[in-house]
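Each chain is listed here by its residues.
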Amino acid sequence: MSGIDVNTQMLNQRYGEPFVAIVIDPMRTCATGKVEIGAFRTYPEGYAAPDERASTSRHQTIPLSKVEDFGVHADKYYAL
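If you're wondering where the values come from, they're calculated on a predicted model, not measured in any experiment.

K.L.:
Whenever I open this one, the sheet that holds strand β1 (residues 21-24) confuses me. Can you help?
P.N.:
Sheet strands associate in pairs through backbone hydrogen bonding, adopting either a parallel or an antiparallel arrangement. One open sheet holds the three strands; their spatial order is β1-β2-β3, and the pairing between them is antiparallel. The two strands at the open ends of the sheet, each matched to only one other strand, are β1 and β3 (77-79). The mean angle between the axes of side-by-side strands here comes to 35°, regardless of whether they run parallel or antiparallel. Alignment of strand β2 (residues 37-42) against β3, held across three bridges, turns out to be antiparallel. Residue pairing across strands places R41 opposite Y78, the latter belonging to β3. Contacts from helix α1 (residues 3-15) reach β1, β2 and β3, with the element oriented near 60° to β2.

Rendered as structure tokens:
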């Protein structure tokens, strides 16, 4: 999800529970000829998402495979 999508989802979850983001991936839909759809929720504000990386460096990068699949805001939301 984009940063705008994440912020919109956080706002909607804060004031309108239960709330789920439904996302259609246009690139994968066009490439496969089948609709690629997913459902997501954002982590609560202040929540530290589980860290899949072993390093404890303060300035870590997101693995390219994760960026491609989930975007740079991947630590802000989770798939259902």
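The structure having been displayed, the exposition proceeds.
K.L.:
Teacher, can you tell me more about the environment of Y78 here?
P.N.:
By the element assignment, Y78 lies in strand β3. Note on Y78: relative accessible area 28%, which makes it partly exposed. For Y78 and T42, which are 36 residues apart along the polypeptide, the C-alpha to C-alpha distance reads 6.2 Å. Setting aside residues up to four positions removed in sequence, Y78 forms contacts with A39, F40, R41, T42 and Y43.

The rules behind the values
- The residue numbers shown here count from 1 along each chain, following its written sequence.
- Where totals are concerned, whole chains, interfaces and linings use all residues; where local detail is concerned, this predicted model gives features only for residues with pLDDT of at least 70, and gives and counts side-chain atom pairs only at 80 or more.
- Only heavy atoms go into the side-chain values, all of them from the structure, while hydrogens and water stay out.
- Here, any two strands with at least 2 DSSP bridges between them count as paired.
- By definition, any uninterrupted DSSP run of H or I lasting at least four residues is a helix, any uninterrupted run of E lasting at least two residues is a strand, and each is numbered from the N terminus.
- In this analysis, axes come from line fits to C-alpha atoms, helices being fitted only over the stretch in contact, and the angle between any two N-to-C directions falls in the range 0 to 180 degrees.
- Here, residues are in contact when the closest pair of their heavy atoms is within 4.5 Å.
- Summary of the burial criterion: residues with accessible area below 20% of their type's maximum are buried, those above 50% are exposed, and those between are partly exposed, where the area comes from a 1.4 Å probe applied to protein chains only.

That is the geometry; function is a separate question.
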